[in-house]
Amino acid sequence: MAAVAAALGRLGRRWSGLGRCGPRGLSRPHLATASGPRRSLSASQEFTSLDEKPKFPGASAEFVDSLNFIQPNVISGIPIYRVMDRQGQIMNTSEDPKLPKDMVLKFYQKMTLLNTMDRILYESQRQGRISFYMTNYGEEGTHIGSAAALNATDLVFGQYREAGVLMYRGYPLELFMGQCYANAKDEGKGRQMPVHYGSNIHHFVTISSPLATQIPQAVGAAYSFKMAQGDRAVICYFGEGAASEGDAHAGFNFSATLECPIIFFCRNNGYAISTPTHEQYRGDGIAARGPGYGIMSIRVDGNDVFAVYNATKEARRRAVAENQPFLIEAMTYRIGHHSTSDDSSAYRSVDEVNYWDKKDHPISRLRHYMVSKGWWDEEQEKAWRKQSRKRVMEAFEEAERCLKPKLENMFTDVYEDMPPQLKKQQESLGRHLKMYGEHYPIDLFDK
Ligand SMILES: Cc1ncc(C[n+]2csc(CCOP(=O)(O)OP(=O)(O)O)c2C)c(N)n1
Ligand SMILES: [Mg+2]
């Protein structure tokens with residue numbers, strides 16, 4: 001934890017120095033030549049050009065007398081904070097969050113349950129049972145590590161690939177399935193594409209597809225928390241692709257200027273559908289942008305659940321205590337296709353995917369840790385796999401059996417008092433179904 005704080009501080013210091021080009025110009029006396037500014041001063045004035053300080057309202061910096069463009073990426077890269085190595089060994093005991101066994105087992109069970117749910121729902125889409133799905137494979141550590149570090153009432157704004165955050169908060173399998181199946185149990189009343197979850201009681205704002213729209217909204221929510229002077233923070237997840245949207249800029253800048261208690265959590269998973277990061281940006285990833293906005297920033301190994309936990313915990317604590325935004329860039333890899341509408345073999349190699357799946361996976365890393373602690377073994381693994389699959393299958397079968405939402409839901413909830421033209425349409429549908437109902441599967445809808 002100490003290193004997270006140190007890294008946050010270091011980055012702030014290091015980057016705040018970048019714009020100054022060093023102190024060289026300040027100590028060079030040749031500026032005050034006969035042709036320089038001194039000539040225009042009266043002899044009685046003891047003023048030299050070296051005494052001039054910039055007065056521009058937009059920057060706090062010194063004047064220099066040499067022409068230097070600031071080079072991007074002059075440092076070797078923002079370091080990646082980690083706690084465990086790929087074998088699940090703690091690298092520096094002072095960074096070990098020393099979480100109790102129960103909590104670590106919960107991390108593991110949520111990460112693997114998410115994995116199992118993904119597998120079943122992905123297959124379900126391939127069989128034509130649901131219209132669409134997006135898996136979270138490979139990014140389980142970013143979800144669980146960050147979710148565990150928050151308070152239960154902190155407000156979450158997700159992008160769409162953060163189902164594990166909701167799962168960690170206790171959103172039940174039945175509701176995940178109900179949403180994907182758009183059935184009568186769906187809290188969104190069947191009006192959204194699959195994976196667009198939302199839950200009031202879990203403080204998880206409903207997902208919306210247009211990229212990055214959640215970012216300024218999240219900042220607005222954080223600003224309202226600050227005004228209310230409570231002890232709540234906002235966390236806003238987004239991908240490295242979404243960070244290219246104008247809304248990301250607006251959100252970052254407002255959060256800094258309005259001093260909002262928000263954690264921007266970027267899942268840098270290497271791709272935005274088929275666009276790899278080297279085509280997405282030329283700077284040092286997303287963390288490098290934080291200092292430009294005046295935001296405390298850190299890069300972490302997203303496949304190390306403890307590193308994600310430590311960084312989020314510290315960022316959350318300081319965001320609320322100091323009313324300021326934090327940016328966490330979690331480096332990870334999207335092992336699955338972007339969605340069921342994508343075939344990633346068209347733009348990346350099987351070997352690349354296999355590396356992350358077999359050699360650097362957040363779930364196996366945590367399992368190594370648990371085994372080394374004597375908290376987990378082959379027997380427990382087998383039993384849990386069986387039990388979790390059973391639970392997912394039961395929820396899946398129930399979702400298949402469940403009726404579709406009430407038809408009247410098509411017309412309600414937008415207006416408090418239904419306007420006449422909408423009323424007319426609803427009556428028209430009623431008449432149509434009375435005459436031609438046998439051509440529609442109306443029995444499958446809730447009454
Ligand atoms: C404004 C907007 N532009 C384009 C899209 C289409 N789109 C959906 S997801 C996506 C890629 C996003 O990548 P990233 O933010 O890295 O998230 P990831 O899918 O990798 O988790 C794109 C381009 C969209 N939904 N909204
Ligand atoms: Mg991405």
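Fair warning: this is a prediction, and the values are worked out from it, not measured in the lab. (Residues numbered from 1 in each chain as written. Chains lettered and ligands numbered in written order. Predicted model: local features only at pLDDT ≥ 70, side-chain atom pairs only at ≥ 80, totals over all residues. Heavy atoms only, no water.)

Comments concerning the overall build of the chain
Using the following cut-off: What counts as a helix is a DSSP run of H or I of at least four residues, what counts as a strand is a run of E of at least two, and both are numbered from the N terminus. Partly exposed residues are those whose accessible area sits between 20% and 50% of the maximum for their type, while under 20% is buried and over 50% is exposed, using a 1.4 Å probe and protein chains only. Whether two residues touch is decided by their heavy atoms; if any such pair falls within 4.5 Å, the residues are in contact. For the area figures, the Shrake-Rupley method with a 1.4 Å probe applies, and any residue is considered shielded solely by the protein chains shown.
Helix and strand content of the chain: 14 helices and eight strands. When the 447 residues of the chain are sorted by exposure, 47% land in the buried category. Taking as baseline every contact in the chain between residues at least 6 positions apart, the subset at least 24 positions apart corresponds to 75%. Total accessible area on the chain stands at roughly 22,600 Å², and carbon and sulfur atoms take up 54% of it.

Quick notes on the site of ligand 1
What counts, and what does not: Note on terminology: near, applied to a residue and a molecule or strand, indicates that one of the residue's heavy atoms is within 4 Å of it. Under this definition, polar contacts are N or O atom pairs within 3.5 Å; protein pairs additionally need one hydrogen-donor-capable and one acceptor-capable atom, and for neighbouring residues in sequence, both atoms have to be side-chain atoms. We call Asp, Glu, Lys and Arg charged. Ala, Val, Leu, Ile, Met, Phe, Trp, Tyr, Cys and Pro are nonpolar, and the rest, Gly among them, are polar.
Around ligand 1 lies a shell of 17 residues, among which Tyr160, Arg161, Ala242, Asn269 and Tyr271 are the nearest. A distance of 2.9 Å is found between an oxygen atom of ligand 1 and a backbone nitrogen or oxygen belonging to glycine 241. Taking tyrosine 271, its main chain carries an N or O atom lying 2.7 Å from an oxygen atom of ligand 1. In isolation ligand 1 exposes 580 Å². Once the protein is present, 74% of that is buried. When the residues that make up the shell around ligand 1 are grouped by side-chain class, the tally is seven nonpolar, six polar and four charged.

Describing helix H7 (residues 246-257)
This is how the line gets drawn: The span expected for a helix works out to 1.5 Å for each residue beyond the first. Arc definition: it is the arc formed by the directions from the helix axis to the C-beta atoms.
Relative to the 16 Å expected for twelve residues at 1.5 Å per residue, H7 spans 17 Å between its end C-alpha atoms, a close match to the ideal helical length. All of the buried residues in H7 are Ala248, Gly251, Phe252, Ser255 and Ala256. Here the buried residues of H7 occupy an arc of 125° about the axis, which is enough to place them on one side. Across H7 from its buried face, at more than 90 degrees, point the exposed residues Phe254 and Thr257. Along its buried surface, H7 packs onto helix H6 (214-228), strand S3 (234-239), strand S4 (262-268) and helix H9 (289-293). The positive-phi residue at the C-terminal boundary of H7 is glutamate 259, with phi of around 55°.

Quick word on the coordination of the magnesium ion (ligand 2)
Rules: Water is absent from the atoms considered, so a metal site may look incomplete; donors are defined as N, O and S atoms within 2.8 Å of the metal, or 3.2 Å for Na, K and Ca. Any site counts as irregular unless it has four donors with all angles between 85 and 135 degrees, making it tetrahedral, or four or six donors with opposite ones more than 155 degrees apart and the rest between 65 and 115, making it square planar or octahedral.
Ligation of the magnesium ion (ligand 2) by protein atoms is provided by Glu240 (OE), Glu240 (OE), Asn269 (OD1) and Tyr271 (O), these donors lying 2.1 to 2.7 Å from the ion. One can describe the donor arrangement at the magnesium ion (ligand 2) as irregular, given that its six donor atoms subtend angles of 51 to 175° at the metal.

Quick notes on the packing of helix H5 (residues 173-181) against helix H13 (residues 378-401)
The criterion, for reference: Fitted lines through C-alpha atoms give the axes, limited to the stretch in contact for helices. The angle between two N-to-C directions lies from 0 to 180 degrees. When describing relative orientation, an angle under 35 degrees is termed roughly parallel and one over 145 degrees roughly antiparallel, while 65 to 115 degrees is termed roughly perpendicular and anything else oblique. Crossings are classed by handedness, with left-handed meaning an anticlockwise turn of the near helix from the far one by less than a right angle and right-handed meaning a clockwise turn.
At their nearest, the axes of H5 and H13 sit 9 Å apart, and the two run at 40° to each other. Between H5 and H13, the crossing angle belongs to the class labelled oblique. Read as a crossing pair, H5 and H13 show a hand that is right-handed. Here Leu173, Glu174, Met177 and Tyr181 of H5 lie close against H13, whose contacting residues are Arg391, Val392, Ala395, Phe396, Glu398, Ala399 and Glu400. Split by residue class, the contact of H5 with H13 holds seven nonpolar, no polar and four charged.

Digging into unusual backbone geometry
Even without being glycine, alanine 182 reaches a positive phi, approximately 50°. One non-glycine residue, glutamate 259, lies in the positive phi region at around 55°. Tracing the sequence through the fold places glutamate 259 in the loop between H7 and S4. For glutamate 259, a relative accessible area of 44% translates into the label partly exposed.

What about the sheet that holds strand S1 (residues 155-157)?
Defined as follows: Any two strands between which DSSP finds at least two bridges are classified as paired.
Taken together, six strands build an open sheet; the order of strands is S2-S1-S3-S4-S8-S7 and the sheet is parallel. Either end of the sheet is taken by a strand with one partner, and the two such strands are strand S2 (204-205) and strand S7 (296-301). Pairing geometry for S3 and S4, over six bridges, is parallel. Note on S4: the bridge partner recorded for phenylalanine 238 is cysteine 266. Sheet strands touched by H6: S1, S3 and S4. Its angle to S3, the strand with the most contacts, is close to 170°.

Purely geometric numbers; function is a separate question.
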